[in-house]
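Chain by chain, the residues:
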Amino acid sequence: MQYPLDVRFKIFALASQISVRDATGQPLMFVKQKMFKLKEHVVVYSDAEHQQPIFEIKADRMIDFSANYSFTSSDGVPWGAVRRQGRKSLWSAHYDVIQDGRVDMTIREEKPWKRLVESLLGEIPIVGIAAVIMINPTYLVTRPNGELLWRVLKKRTFLEGRFVIEKIADMPEDDELRGLLALIMMILLERRRG
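Residues numbered from 1 in each chain as written. Predicted model: local features only at pLDDT ≥ 70, side-chain atom pairs only at ≥ 80, totals over all residues. Heavy atoms only, no water.

1. As for the environment of Pro-78
Here Pro-78 is to be found in strand β7 (residues 78-84). Overall, Pro-78 belongs to the exposed group, its relative accessible area being 65%. For the pair Pro-78 and Phe-55, spaced 23 residues apart in the sequence, the C-alpha separation amounts to 9.6 Å. The residues contacting Pro-78, other than those within four sequence positions of it, are Phe-71 and Thr-72. (Helix = DSSP H or I, 4+ residues; strand = E, 2+ residues; numbered from the N terminus. Buried < 20%, exposed > 50% of the residue type's maximum accessible area, 1.4 Å probe, protein only. Contact = heavy atoms within 4.5 Å.)

Quick look at the structure:
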């Protein structure tokens, strides 16, 4: 994969759909969230026509306050999970990427104060709309030892959502794919902000 990755989704779509492209514009994956499911169910495809599934992401509960989202390949092999940290996510987004039952990576907002400012200004008519457009969150993906792996930036757009994933450090290919699946789920959960 050539970085930065460009992640886009339509804001006004019935079912959430995300496309991921590399720095050359080459499509990497297409993501579709299943509609009318009590628990989150997301399918990752290798093609734009949604004919070749490569991964599924499923929630372990209906309410996503502290849900685990498990990754499985199309042949049923478990690939890890991402867990939303409920109480920690009240102040700023916080997710743990799980591999073999242990935390392998953590996703956090770089500047948590943006969430506070956005929520305060969001209650004011017209100013709230401007705040959501102007205050774009940034997320950092780190190892438990603090090593920075990725920076994820929400870009300002009007009719489309857009995130840019910048790679900071090298990592094994399996970890890179697991981290990317976790970032996709995080984007689905955080996309309404900023």
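Structure's up, so let's keep going.
2. Some points on the nonpolar core
Core analysis: the biggest nonpolar cluster contains 43 residues, and Ile-18, Ile-107, Trp-150 and Ile-165 have the highest contact counts within it. The dominant element in this core, judged by the number of residues it contributes, is helix α4 (residues 173-190), at eleven residues. In this view, Ile-165 contacts Tyr-3, Pro-4, Leu-5, Val-7, Trp-150, Arg-151, Val-152, Leu-180 and Leu-183; residues no more than four positions away in its chain are not counted. (Core = buried A, V, L, I, M, F, W, Y, C linked by side-chain atoms within 4.5 Å.)

3. What about unusual backbone geometry?
Here Tyr-3 and Pro-4 are connected by a cis peptide whose omega angle stands at 5 degrees. Among the structural elements, Pro-4 can be located in the segment before β1 (5-10). One non-glycine residue, His-50, adopts positive backbone phi at about 60 degrees. Here His-50 is to be found in the loop between β4 (41-45) and β5 (53-59). Not every positive phi belongs to a glycine, and Asp-100 is a case in point at roughly 50 degrees. Assignment of secondary structure puts Asp-100 in the loop between β8 (94-99) and β9 (102-109).

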